[in-house]
Amino acid sequence: MSRITALFEPELLLALEGVDELDKMRAEPNPFWNRARLDITWQLPVMSGMLNEPTISVQPMRYATREELNLFHDYSYIETLELFGNMGSAFSARFGLDTDECPVFQDVDKYASLPVGATIDATMRVANGEFEDAMSFVGGFHHAMKTKAAGFCYYNDCVIGIKKLKEKRPNDRILYLDTDVHHGDGTQGAFYDDPNVLTISMHEYSMGFFPGTGRVEENGVGDGKGYSVNVPLPPLTGDVEFWTAFEELVVPIWLAYKPHFVFWNVGADGHMNDPLADLMLTLDTYHRLSMTVRQLVHLGTRKLVILGGGGYNPVTAAKVWTIVLADLADVALPPILPAKWIELCRKYGYDVIRGGWIDRPLRTDDDHYPKIRRAVDETIEKVKELIFPTFGLEK
Ligand SMILES: [Zn+2]
C-alpha cells in the first residue's frame, strides 16, 4: 500500500454564516474563532504547493451526526447548541455558552460539529488502513466537557474520535498525547478510569493559567490509576527543558505502553510567539516532536491521527502545523515562505518578519535558566515516582 496522509480542509468552516460577525459581536476579537486564523493557517500548505504532492490526500470535513456527538455529549447540551445556532440569541450559562471564549453565533452548532466529523473520519479511515495517517488542522478541542463548552471548545472531537474507535476496536490500547500548552482536561476527564486510554498532557502550569488543572498527582482512578499522565511546566520553559521532559518521560512510557493507536494534539500555543501562553518553544521543537512521534508510531502499529489544537498567533500556528504535516507526509518545505502567503498575512494585519522556517535562537536570562531547569527536573522526578511503576519502568 502506498503511504498517504489524509489532510482535512477547513473550507466548509470558512463558508459558514457568522464567521465574520464574531469580531463585531465581541469587544475583544476572539483569538480562536476568526477568519484570519483559519485562512492563514490553511493557506500556507496550499500556497506552498505541498498539497499537490502524491503523499497527501485532501479530504473535506463533514458534520458529525447527533449520535456521534452523543458518544460523549448529553443531548440536552447538543440541543442547546443547535438552538443557539438557529436562533443566535438564547443564553445559558449552565452550558458554558455565550461567553467571551465560547460565543454564540449563527451556525455555531455547525461550526462545532464539523471538526468532530473530520476527526472521526480521520480516525476511522486510518483505523481501516485507507490512509497511513491523518491530520486535521482545526481539531483537538480538548477542553469541551460532556455538558459544557470551555476554552474555545464546544464539542470534544478528541474524546468522540477515541470513543468511536473503541466501538470498533474495544481492546486496543490508545495513546492520547497532548502537547498543547493548556492542560487537556476534557479528554483526560473522559477516560480518567480507563487503562486502555493513556492520556499524556504536557502543558504550562502557573497561577491563574487556564484551565488550572493538570498537576502530576492527577494520575487516574480505579483501573485507570497511572494512565493519566501530567507534565506541568513552569512559564518560560524552553526547548531544552521541554525536550528533556519529553525524552525522559513520554518516550519510555510510550514504549512500555505499546499503543495500538495514537492521537497527537499538537497545539501551536507552546511556541514563544503565542500571545496567550508563556512557554518559549521554537519551531525546532515542533519539528523534533513530529519526527519523534512518527518514529515511535512506526515502531508500533503505525496508526496516527494528528489534531492541530490551539495556537493564537496565526502566522506561527501556520508554520507549526505545516512543519508537522511536511514531516508526517514526507514532503519538503519550500525553502522560503511563499510571497503570496506573506501578502495574505499582511492583508489580515500580520507582518511576517522572518521569511524562513526557523526562529531566532533565544535564551531566557541566565538567572532564570537554572530555576526553570530545577522546576522541570522536579516535575520529571515526580512523574517517574508516580507513573513509572504502572509501566514496570525503573526511575
Ligand atoms: Zn491551548
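Residues numbered from 1 in each chain as written. Predicted model: local features only at pLDDT ≥ 70, side-chain atom pairs only at ≥ 80, totals over all residues. Heavy atoms only, no water.

A. Structural detail: the pattern of salt bridges. Tallied over the entire structure, the rule returns 22 salt bridges. Among the ionic pairs, Glu217 bridges to Lys382, the shortest N-O distance being 3.5 Å. Taken as a pair, Glu217 in the loop between strand S5 (197-204) and strand S6 (228-233) and Lys382 in helix H13 (residues 368-387) lie far apart in primary sequence, 165 residues in all. With a relative accessible area of 38%, Lys382 lands in the partly exposed category. When the shortest N-O distance is used, the salt bridge between Arg373 and Asp377 registers 3.3 Å. Separated by 4 residues within a single helix, Arg373 and Asp377 lie in helix H13, roughly one turn from each other. The exposure class of Asp377 is partly exposed, given its relative accessible area of 31%. A network of salt bridges, in which partner residues are shared, links Arg62, Glu68, Asp121, Lys164 and Glu167. (Salt bridge = Lys/Arg side-chain N within 4 Å of Asp/Glu carboxyl O. Helix = DSSP H or I, 4+ residues; strand = E, 2+ residues; numbered from the N terminus. Buried < 20%, exposed > 50% of the residue type's maximum accessible area, 1.4 Å probe, protein only.)

B. Structural view of the sheet that holds S5. Spatially, S2-S1-S3-S8-S7-S4-S5-S6 is the arrangement adopted by the 8 strands of the open sheet, whose pairing is parallel. Strands with a single pairing partner mark the edges of an open sheet, and in this sheet they are strand S2 (56-60) and S6. This sheet shows a mean twist of 15 degrees between the axes of neighbouring strands, independent of strand direction. (Pairing = 2+ DSSP bridges. Axes fitted to C-alpha atoms, helices over the stretch in contact; angles between N-to-C directions.)

C. Just the coordination of the zinc ion, in detail. Protein coordination at the zinc ion: the donors are Asp180 (OD), Asp180 (OD), His182 (ND1) and Asp269 (OD), at 1.9 to 2.7 Å from the metal. Around the zinc ion sit 4 donor atoms, and with donor-metal-donor angles ranging over 53 to 157 degrees the site reads as irregular. All donors of the zinc ion belong to a single chain; written as a sequence motif, their spacing is D-x1-H-x86-D. Taken together, the residues Asp180 in the loop between strand S4 (174-178) and helix H8 (185-190) and Asp269 in the loop between strand S7 (261-265) and helix H10 (283-299) connect sequence positions 89 residues apart. Here the two residues Asp180 and Asp269 agree in accessibility, since each one is buried. (Donors = N, O, S within 2.8 Å, 3.2 Å for Na, K, Ca; no water. Tetrahedral: all angles 85-135°; square planar, octahedral: opposite > 155°, others 65-115°.)

D. View of unusual backbone geometry. Following Phe210, the chain continues into Pro211 via a peptide bond in cis, with omega recorded as -5 degrees. Relative to the assigned elements, Pro211 resides in the loop between S5 and S6. Its identity is not glycine, yet Phe152 carries a phi of approximately 70 degrees, on the positive side. In this structure, Phe152 sits in the loop between strand S3 (133-136) and helix H7 (157-168). Exposure remark for Phe152: the relative accessible area of 8% places this residue in the buried category. Unusually for a residue other than glycine, Lys258 sits at a positive phi of about 50 degrees. Considering the arrangement of structural elements, one finds Lys258 in the loop between helix H9 (239-257) and S7. Under the relative-accessibility criterion, Lys258 is labelled exposed at 55%.

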